[in-house]
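Coordinate analysis (summary)
Each chain is listed here by its residues.
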Amino acid sequence: MVDLTRRTLMATSTAAALGASVVGSGVASADVEESDTPGAPSVKGELKRFSTTAFGAEVTGPFVFEDGSLLYSLQHPNGTNPGKFGRAAVGYFGGFTFEFDGNNDDFPEVGIPDTEEKQRQVRSEAGDYEILIQGREPIQGGSERLGVPQTPDGDGLTEFAGSSGGYGGNPDCNQFVSTDEDGTEGFLFTNWENYPGCISRVPISQDENGEWSADVDSDMTLNLPNTEAFRDIGGTWVNCYGDLSPWETMISAEENYSHPRVSYTYTVSDIVESGTGVGKIGGCQFWNRPNPTGIGPAIEEYAANGDIEEAFTAQGYWSQGGIEKGAYYLGAEPVDQTDDGGNDLTPIGDGYPNPYRYGYFVDIRDPAADEPSPIKYWVMGRAAWEAPDIQGDRKTVYGCSDGDSKGIYKFVADEPIDSYANTDDIAGTLYAPKITNDAASVADSGTRNSPAQTPLEIEWIEMGHATNGEVASWIADYDDVTQIDYITAHTDYTEDDLGTNVAYSDAVKEADLTVLKSASGNQNYITNEEIVRWGEQYEANGPDGVDEELRRVPFLETRAAAKELGASIEFNKAEGVDSVDDSQPGDFVYFGISAFEDQLADDEGDIQMDRVSGGIVYRAELDPNYDVSRLEPVIVGPDFTDGPQDADDALRNIDNVYTMRDGRVLCCEDGFGGPARSYPNDGLYVFQPNVLVDVQSIAVGYGKTGEAVLEASSLPAGFSGVEVTVSVSNPDVASITGVEFPDALGLTESSISKDGSTVTIRVADTDRNVEAGGRDVPLATLTVRGDSTGTTDLGVEIGQMDDEEGNAIGAEARSGVLVTGPPTVTGGAAPTDPDGDGLYEDLNGNGRLDYEDIEILFSNFDADSVTMNASAYDFNENGQLDFDDVVDLYEEVN
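Here we summarise the structure given alongside this text. Residue positions within a chain follow its written sequence, with the count starting from 1. Totals for whole chains, interfaces and linings use every residue, but because this is a predicted model, local features are given only for residues with pLDDT of at least 70 and side-chain atom pairs only at 80 or more, for both listing and counting. The side-chain values count all of the structure's non-hydrogen atoms but skip hydrogen atoms and water molecules.

A word on the overall build of the protein. Helix and strand labels come from DSSP, where a helix needs a run of H or I of at least four residues and a strand needs a run of E of at least two; each type is numbered from the N terminus. Secondary structure assignment for the protein yields 19 helices and 42 strands. Taking 2.2 N^0.38 as the reference for a compact globule, 894 residues should give roughly 29 Å; the C-alpha atoms of the protein span a radius of gyration of 29 Å, in line with that estimate. We call a residue buried when its accessible area falls under 20% of the maximum for its residue type, exposed when it is over 50%, and partly exposed in between, using a 1.4 Å probe and counting protein chains only. Expressed as a percentage of the 894 residues in the protein, the buried residues total 61%. Long-range contacts, defined as pairs at least 24 residues apart, comprise 69% of the intrachain contacts of the protein with a sequence gap of at least 6. Surface exposure of the protein reaches about 31600 Å², of which carbon and sulfur atoms provide 42%. When charges are tallied, Lys and Arg are placed among the positive residues and Asp and Glu among the negative ones, while His and the ends of the chain are skipped. A single reference atom marks each charge: NZ on Lys, CZ on Arg, CG on Asp, CD on Glu. Across the protein, 51 positive and 165 negative side-chain charges occur, with their mean positions spaced 4 Å apart. Throughout, the radius of gyration refers to the C-alpha atoms, and the reference size of a globule is 2.2 Å times the residue count to the power 0.38. Here a residue-residue contact requires only that any non-hydrogen atoms of the pair lie within 4.5 Å. Here the Shrake-Rupley method, with its probe set to 1.4 Å, supplies the accessible areas, and only the displayed protein chains count as covering residues.

Any carboxyl oxygen of Asp or Glu that lies within 4 Å of a side-chain nitrogen of Lys or Arg is treated as forming a salt bridge with it. Applying the stated rule across the entire model yields 33 salt bridges. Arg664 serves as the salt-bridge partner of Asp106, at 2.8 Å between the closest nitrogen and oxygen. Of this pair, Asp106 sits in the loop between strand E6 (89–94) and helix H3 (116–119) while Arg664 sits in the loop between strand E29 (654–659) and strand E30 (665–669), placing them 558 residues apart in sequence. By relative accessible area, Arg664 is classed as buried at 0%.

Strand pairing is assigned whenever DSSP identifies at least 2 bridges connecting the two strands. As summarised here, the arrangement of the 4 strands in space is E16-E17-E18-E19, forming an open sheet in which the pairing is antiparallel. Unpaired on one side and paired on the other, strand E16 (239–244) and strand E19 (373–376) mark the two borders of the sheet. Neighbour-to-neighbour, the strand axes of this sheet turn through a mean angle of 30 degrees, independent of strand direction. Of the pairings in the sheet, the one linking strand E17 (residues 250–254) to strand E18 (residues 361–365) comprises 3 bridges and is antiparallel in character. When the bridges of E18 are listed, Ser252 appears paired with Val362. Where helices are involved, their axes are fitted lines through C-alpha atoms of the stretch in contact, as for all axes, and angles between N-to-C directions lie from 0 to 180°.

Turning next to the pairing of strand E3 (residues 45–52). Regular strands place their side chains on alternate faces of the sheet. Along E3, 6 of the 8 residues are buried, which leaves the element largely enclosed by surrounding structure. Bridging between E3 and strand E31 (residues 683–689) involves 7 bridges; their strand directions are antiparallel. Following the sheet pairing, Glu46 is matched in E31 by Gln688. Bridge count for E3 against strand E7 (residues 123–124) is 2 bridges, and the pairing is antiparallel. Along E7, the bridge assignment pairs Ser51 with Ser124.

As a further point, take the sheet that holds E7. Strands sit in the order E7-E3-E31-E30-E29 across an open sheet of 5 strands; the sheet is antiparallel. Edge positions in the sheet fall to E7 and E29, since each has one partner strand and no second.

This part takes up the packing of helix H10 (residues 483–490) against helix H12 (residues 504–517). The axes of two packed helices give the description: the angle between them and the distance between them. Running from N to C, H10 and H12 cross one another at 70 degrees; their axes reach a closest spacing of 8 Å. If you check the angle between H10 and H12, you find them roughly perpendicular. The crossing of H10 and H12 is left-handed. On H12, the residues that touch Tyr486, Ile487 and His490 of H10 are Ala507, Val508, Glu510, Ala511, Asp512, Thr514 and Val515. Tallied by class, the residues present in the contact of H10 with H12 amount to 6 nonpolar, 2 polar and 2 charged. Orientation categories follow fixed angle ranges, with anything under 35 degrees roughly parallel, anything over 145 roughly antiparallel, 65 to 115 roughly perpendicular, and all other angles oblique. Left-handed is the label given to a crossing in which the near helix is rotated counterclockwise from the far helix by less than a right angle, and right-handed is the label when the rotation is clockwise. Residue polarity is assigned by list, with Asp, Glu, Lys and Arg as charged and Ala, Val, Leu, Ile, Met, Phe, Trp, Tyr, Cys and Pro as nonpolar; anything else, Gly included, falls into the polar class.

Printed below as a string of structure tokens:
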């Protein structure tokens, strides 16, 4: 018997129809009419409001300590809020701890903030919000301010022109790294969401009464980017959310909104084929332009003057306002500033930032050292990362890229990430998603599907394989590119010309028009032609068959490369991803989509559905390889035609998600001031999932029997009894022949139909052996027999399920799959699948792979027992039987 992934083997499930995205404009949400979306809002479980935050602030950076204490960030509150609620801060809820029994009964729900007084403060009925740290507090003897990066000379970047996101005003992710066994002392690491970015480290401790305090005056309190180790890697950029790694370090995500090479749904091929970037080019192509954000109004001016055909928005250009501050952070000489507080067009030379150094996951190794060691995972791809989630295998990483027309990506390391002695040697494969549901357009069906009722089926497209050191070396090739190069590469001006007081505006305009109007884009970085050539070679030869110099493309231009492969880069504000610590197969990964609109809710692409402007939380189950292939909607926000009666208590615009060890999920909001509600405040909610009654997926040999376990995923409120029916959808393939019950259950009963197609079980926990909070509770073990080769669903139907008080339990049924292996090839024992991958390597049935198996396959290649069961012997996984399958099996033996 082998446990299989149900997600990839569902035999009779019907793929849900989907729908897609608007091209180029970036204003799709304004073009798609709001509808009354079925299932919006809705929850598969219980959603309970723990806290509302102060006016103007998002809820970000939740963290739950070992004892159950909770903290989160008060991010950019309105400065007119009273007292401590008027400044950015990180605080915890004094006097409260979660009980970790999976039940939301451990806190009272806080009411809506229905007065101005309530709206101006952080509120909870479970404890008082106590401030630990506040932005811009003096640290390091007053020479620095918390959350504010500095130049090498010690000047705070607040002193220079250019936007920054508000240094010291945007605390986001928080992770606690303990330095003692009890988890009462250690370091609080906090992301400050600015550009250039900042990560702070502050010692904190818990007293005997359970109260926390911070030692901001300690020499160990640091703004990490102000250390030499950080400057050596170029510093950091818009540090948003993050994760606590399985090896107990802070992982910070760089949300590089500046990275789009093409705007919205356009591809690089669209630019090359049309011969121009006008209307299609993305903001990153102006990274090294003097005054980068000036390209926005410049495009308007060029269109008005007839220099280009149309005005448009270069996606991501607005977020480049901190680039020149990044140059000063690295030591460049500041250029002249204008009277209105901006930079003029004087080009910056030496010390200019390399765009390919930003948009990665940053691991803070040696977190307790005097100067921790930052490691950027270059090999995991470059994006506007909101969050990473490292799975329990310590190899698989899921990441969400925030913004419009972005992706959800996967990286799988060859070995556990922390097992590499040299982080340059970390090797692995980067993947992009492809939605595989049948797309049903509005034109064809006349209606849209509701995302509340439509799971997303995902296949993963392999983009490339490399080592961290290889990608670092490719990035270093662009370290010496400056703003002067922007002009000299795209005009006839030389550096000497620029040094003779020529009108900079003329030189910059000429360079702008060259970059805008050509097919090649910015020649200082990877060119459009290189990306297209990579895509063509990939299509012809696969990911390993591209020229050596093109291997860099998917790692440095991840979004553009994924688009060339036809990946589903349509997600709008993918802002959260998390699973339980040390996640295992069968656990869930939660993905938060803050707003389901724009390219998710238009009439093109892979996804075409109704809008839910309030966003969605998806859940995906990890298979035995830590893969996810199905995103199931579990929390659906309001669409903004809903009134306060529906929206006041619904989750609106999900941001961070945080999965506690008892399976509950903290859900943070980022929807301040939006429509629908009667109040403007964001909140923190706790999601208690429904109990899942789940039958195990298995494989059995032809004519053999196996055992499938029926279990409940968690029972937060205890358990008194249940009635469940399990059915075989195709009785010709298999039948149920027996039932056994755990000894812990007091009263048990089962009834199997005559043909073995169904069994109904009833159990009662008369001795109260199943405790509240129990997880993975076995209810019965079913014996099933493989009657013919094939695949069948094992359906589950819940008749009744009660807790210890006799109340009905909110429960969901999850089906399994049974695969019956192929019949005997030689007349002897039936083939088996020793490694559980769905392929029957053991043709002689002796339980292992050996040379005789190869000989049997080769000699019986045309036999009905092989040809009628092609999927069992498709070892090269190309969808057909061929002699390469024999070769692949031979290579497995060797």
